[in-house]
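# Structural overview
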Amino acid sequence: MKHRLRFAVGKLFRMALLLLGVSILTFALMTASPLDPLQTNVGQVALGSMSQEQVAKLEAYWGVGTPPVERYLGWLGDVLHGDFGTSLLYRQPVLEVVGQRLAGSLWLLLFAWIISGILGLVLGVTAGATRGRLPDRLIRGYCLLISSTPTFWLALLLLLIFSVWLGVLPIGLSVPIGADAASITLADRLQHAILPALTLSITGVANIALHTREKMVDVLNSDYALFARARGESELRIVLRHGLRNVALPAITLQFASISEIIGGSVVVEQVFTYPGLGQAAVTAGLGSDMPLLLGITVITAAIVFGGNLVADLLYGVVDPKIRRGAARE
Amino acid sequence: MQPILEIQHMSIHFTQYAKGTRRRELPVIRDLSLKIEPGQVVAVVGASGSGKSLLAHGILHILPRNSHMEGRILYDGGDLTSKRAARLRGREIVLVPQGVTYLDPLMKVGEQVRGDDAAPDAKQRARKALARYGLAAGTEELYPFELSGGMARRVLIATAVTHEPRLIIADEPTPGLDAKAAGRILGHFRELAEGGAGVLPITHDLELALTIADQVAVFYAGQTIEVASAEDFASPATLRHPFTRALWRAMPEHGFQPIAGAQPYPGTQTAGCPFAGQCARSTPQCREAADLPLRPWQGGMVRCLNPQREE
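All values derive from a computational prediction rather than experimental measurement. (Residues numbered from 1 in each chain as written. Chains lettered and ligands numbered in written order. Predicted model: local features only at pLDDT ≥ 70, side-chain atom pairs only at ≥ 80, totals over all residues. Heavy atoms only, no water.)

## Things to note about the pairing of strand β7 (residues 167-171) of chain B
Sheet faces and side chains relate simply in a regular strand, where the side chains alternate between the two faces. Residue and element names in this part refer to chain B. In terms of burial, β7 is a largely internal element, five of the five residues being buried. Here β7 shows a buried face lined by Leu167, Ile169 and Asp171 and a second buried face lined by Ile168 and Ala170. Direction of pairing for strand β6 (residues 93-96) relative to β7: parallel, over a ladder of four bridges. Opposite Ile93, over in β7, you have Leu167 as the bridge partner. Judged from the five bridges that link them, β7 and strand β8 (residues 198-203) form a sheet pairing that is parallel. Across the sheet, residue Leu167 finds its bridge partner in β8, namely Gly198. Running through helix α6 (residues 179-194), the crossover from β7 to the neighbouring parallel element β8 is right-handed. (Buried < 20%, exposed > 50% of the residue type's maximum accessible area, 1.4 Å probe, protein only. Helix = DSSP H or I, 4+ residues; strand = E, 2+ residues; numbered from the N terminus. Pairing = 2+ DSSP bridges. Right-handed = clockwise from strand over helix to strand, strands pointing away.)

Written out as structure tokens, the structure reads:
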């Protein structure tokens, strides 16, 4: 019990440190950015036609002129009270914007995460089990090809094939253009999510499959696999009985570590597919100097990634008998 | 009596790629012959790196893919083909491996002793096998990391007796155990032999091998260089091969005298006796002889141009 409490407190402390670091870094990068919020959001021409007072008002709104440290501490103070501020571009509370966008992205992310996890595991196990032979070489070749392909290029390629040439899937957005909100069906949403989710899955698979393959090869070269062979177990049985069991632990780590890659990838992919999700909001906030929104998005996604790793740690304790029984004994 | 296992002129080669695409055949075991009768313990003794473990894998037909085996293995009078070996291994022919790393770290002991056996009485047999070596029922629920060294060894022996084995190959049966525990483990093997099985311990420890073996096959650089009865080891005078004598003298109670040099690496030696480089009695002929057969000599077998033995 004491062990678990120490574990929980330690994790929370680390998370607080991480989020603090992420927010400071984001803030520093935004402050160092050469973008002038007024020029970007109001425009040179409009600014020229405004009076001094109007410009001063706008400067105050975008926070120009306030010392950065003061701005950051002000933001931090509000966040500690649970107030993430108001998005300067959307003119809505940051949490509300993030909530809406996250709801839009969630299915996309979840779908990509699950598909890449399952497919990556299956491909990795298959490649490992057939190491050195044709299936392994094909899978490895595919993974290396995909790993060295930029995500945005793959997204464009899929758009070109499925939306332009074949015309079977929509070219972008999350719902049909000009449709009444009430008339939009789940099928519409799914149809619009297929391509971005597919892009994310395809790129996510490579990493998981290659790592799983390495582990599988290790297992099959292990002493205990040799002993299983000596006792008359077939290769297939060894893969199923010993392989999957021993690949499970690293697979869990990989799967939860891939959350960060999926979220990172979604920024690019949502941009290509003009999909109104969290990734796209992050780009908008970054380019439009919407400091509260960008800080909100980075902190919340960092918390999600951290949460994923935490879940992996906890699952380790459930799956790995060394940790499970070791902790129970304490 | 019909031997349970007879190995005739076994050779194992590995295919290696040296410098790009140049293939090279690496002989690890050359012209090995061995015979075990039911109820007999024949120990194979050799230094590390002499190819001992591969002998076990060769008998079981579980050598790596880049290797190939020549020669003939007869089991119970019939050719032990890879198909036949696949049917018998884990049942009639069993391997007792070296240590706890041969157990799946994430599988409970009970399940591993049972093995991949769906028979309804498999669980019962596994329990009996564990009990036979003094392992309580609770052992089934343990994971390998929870076993002590001695327990792990007993679990590994238990895996061998879930069926009724007729040939037991024990690869380094006693590493890391103190003399008392090692003696107990060897006693278990002796007992299996007394039950009618052939036991083939493979070890580097001549001293321990002599405590249970009826016969000892001495292994040097992938070859059997001498087959002698355990009694022959009472004195160096009754041993045939200079290397066997050197081994005898290297035993702690016989003065602990090492010999200079090391056995040649596989593939480095082309002609002559592999021991010639370390042998005090070697002659120019020893270094040139193209073919040194293992031949019967004074009640044993020896592979030497110039064997000694004084009655």
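## A word on the packing of aromatic side chains
Scanning the entire structure with this criterion turns up seven aromatic pairs over all chains. Measuring from centroid to centroid gives 5.3 Å for Phe243(B) and Phe275(B), while their planes differ by 65 degrees, and the two rings are edge-to-face. Taken as a pair, Phe243(B) in helix α8 (residues 242-250) and Phe275(B) in the loop between α8 and α9 (284-288) lie far apart in primary sequence, 32 residues in all. Residue Phe275(B) is classed as buried on the basis of its relative accessible area of 3%. Each residue in the set Phe27(A), Tyr72(A) and Trp75(A) is aromatic and connected to the rest through ring pairs, giving one cluster. (Phe/Tyr/Trp six-rings, centres within 6.5 Å; stacked < 30°, edge-to-face > 60°.)

## Details of the sheet that holds strand β4 (residues 67-75) of chain B
Residue and element names in this part refer to chain B. Taken in spatial order, the four strands line up as β2-β1-β4-β5 in an open sheet, and their pairing is antiparallel. Edge strands, defined here as strands with exactly one partner in the open sheet, are β2 (22-36) and β5 (78-79). The pairing of β4 with β5 spans two bridges and is classified as antiparallel. Within β5, the residue paired with Leu74 across the bridge is Asp79.

## Quick word on the side chain of Thr159(B)
Mapped onto the elements, Thr159(B) comes out in helix α5 (residues 149-160). A relative accessible area of 2% places Thr159(B) in the buried class. Ignoring any residue separated from it by four or fewer positions in sequence, one finds Thr159(B) in contact with Phe227(A), Arg231(A), Gln112(B) and Val113(B). (Contact = heavy atoms within 4.5 Å.)

## Comments concerning the interface of chain B and chain A
On the chain A side, the residues contacting the 30 residues of chain B number 23 residues. Around 2500 Å² of area is buried between chain B and chain A when both sides are counted, 54% of it from carbon and sulfur atoms. When the area that chain B buries against chain A is broken down by residue, the three leading residues are Tyr102(B), Leu106(B) and Asp116(B), summing to 27%. Here chain B is connected to chain A by two salt bridges. The shortest N-O distance in the salt bridge between Arg245(A) and Glu111(B) comes to 3.5 Å. When contributions to the side of chain B that touches chain A are tallied by element, the ones reaching two or more residues are α1 (52-60), α3 (109-114) and α5 of chain B. (Buried area = accessible area lost by both parts, 1.4 Å probe. Salt bridge = Lys/Arg side-chain N within 4 Å of Asp/Glu carboxyl O.)

## Here we look at the side chain of Glu140(B)
Residue and element names in this part refer to chain B. Mapped onto the elements, Glu140 comes out in the loop between α4 (122-132) and α5. Here Arg127 takes part through its side chain, which lies 2.8 Å from a polar atom of the side chain of Glu140. In this structure Glu140 touches Lys108, Val109, Gly110, Lys123, Arg127 and Leu130, once residues within four positions along its chain are discounted. (Polar contact = N/O pair within 3.5 Å; in protein donor to acceptor, adjacent residues only side chain to side chain.)

## Re the nonpolar core
Membership of the largest hydrophobic core comes to 97 residues, with the highest contact counts inside it found for Leu55(B), Ile59(B), Ile169(B) and Phe189(B). If we ignore the near neighbours within four places in the chain, the residues touching Leu55(B) are Ile7(B), Met10(B), Ile29(B), Leu32(B), Leu34(B), Val44(B) and Ile202(B). Leu154(A), Ala193(A), Leu195(A) and Ile263(A) belong to the second-largest nonpolar core, a separate cluster that totals 31 residues. (Core = buried A, V, L, I, M, F, W, Y, C linked by side-chain atoms within 4.5 Å.)

## Thoughts on the pattern of salt bridges
Inspection of every chain in the model, using the stated rule, returns 22 salt bridges over all chains. We note a salt bridge from Arg213(A) to Asp136(A), for which the minimum N-O separation is 2.6 Å. Of this pair, Arg213(A) sits in helix α9 (residues 186-220) while Asp136(A) sits in helix α7 (residues 134-147), and the two are 77 residues apart along the sequence. Of the residues examined, Arg213(A) reaches a relative accessible area of 10% and is grouped as buried. Two residues, Glu141(B) and Lys108(B), come together in a salt bridge whose shortest N-O distance is 2.9 Å.

## Here we look at the domain arrangement of chain A
Residues and elements named next belong to chain A. Domain annotation for chain A reports domain 1 (34-83) and domain 2 (97-329). The C-alpha-based centres of domain 1 and domain 2 are spaced at 38 Å. Between domain 1 and domain 2, the residue contacts involve seven residues of the former and eight residues of the latter. Around 570 Å² of area is buried between domain 1 and domain 2 when both sides are counted, 65% of it from carbon and sulfur atoms. Applying the counting criterion to the domain 1 and domain 2 interface returns zero salt bridges. Applying the counting criterion to the domain 1 and domain 2 interface returns zero residue pairs in polar contact (both at pLDDT 80 or more). When contributions to the side of domain 1 that touches domain 2 are tallied by element, the ones reaching two or more residues are α2 (37-41) and α5 (68-80). Ranked by residue count, the leading element in the side of domain 1 that touches domain 2 is α2, at three residues. In the side of domain 1 that touches domain 2, the residues fall into four nonpolar, two polar and one charged. (Domains from an automatic or database assignment. Nonpolar A, V, L, I, M, F, W, Y, C, P; charged D, E, K, R; others polar.)

## A closer look at a nonpolar patch on the surface
All names here are of chain A. Taken together, the side chains of Phe152, Trp153, Leu156, Leu157, Leu160, Val164, Trp165, Leu166, Val168, Ile171 and Val268 present a nonpolar region at the surface, about 1100 Å² in accessible area. No other element matches helix α8 (residues 151-165), which puts seven residues into the nonpolar patch. Mapped onto the elements, Val168 comes out in the loop between α8 and α9. (Patch = residues over 30% accessible without salt bridge, like charges linked within 9 Å, V, L, I, M, F, W, Y side chains within 5 Å. Areas by Shrake-Rupley, 256 points an atom, 1.4 Å probe, with all protein chains shown as cover.)

## Some details on the environment of Asp76(B)
Residues and elements named next belong to chain B. Secondary-structure assignment places Asp76 in the loop between β4 and β5. Sequence separation of Asp76 and Asp178 is 102 residues, and the distance between their C-alpha atoms is 36 Å. The contacts of Asp76, once residues within four sequence positions are left out, are Gln2, Pro3, Ile4, Arg84 and Arg166. In terms of polar contacts, Asp76 uses its side chain to reach the side chain of Arg166, at 3.0 Å.

## Describing the pairing of strand β10 (residues 223-229) of chain B
Residues and elements named next belong to chain B. Taking burial as the measure, the seven residues of β10 include seven buried ones, the bulk of the element. Here six bridges tie strand β9 (residues 215-220) to β10, and the two strands are oriented antiparallel to one another. The partner of Val216 across the bridge, within β10, is Ala228. Between β9 and β10, which pair antiparallel and follow one another directly, the connecting turn spans two residues, one of which, Ala221, has a positive phi of 45 degrees. Pairing of β10 with strand β12 (residues 300-302) involves two bridges; the strand directions are antiparallel. Paired with Val227 across the bridge in β12 is Met301.

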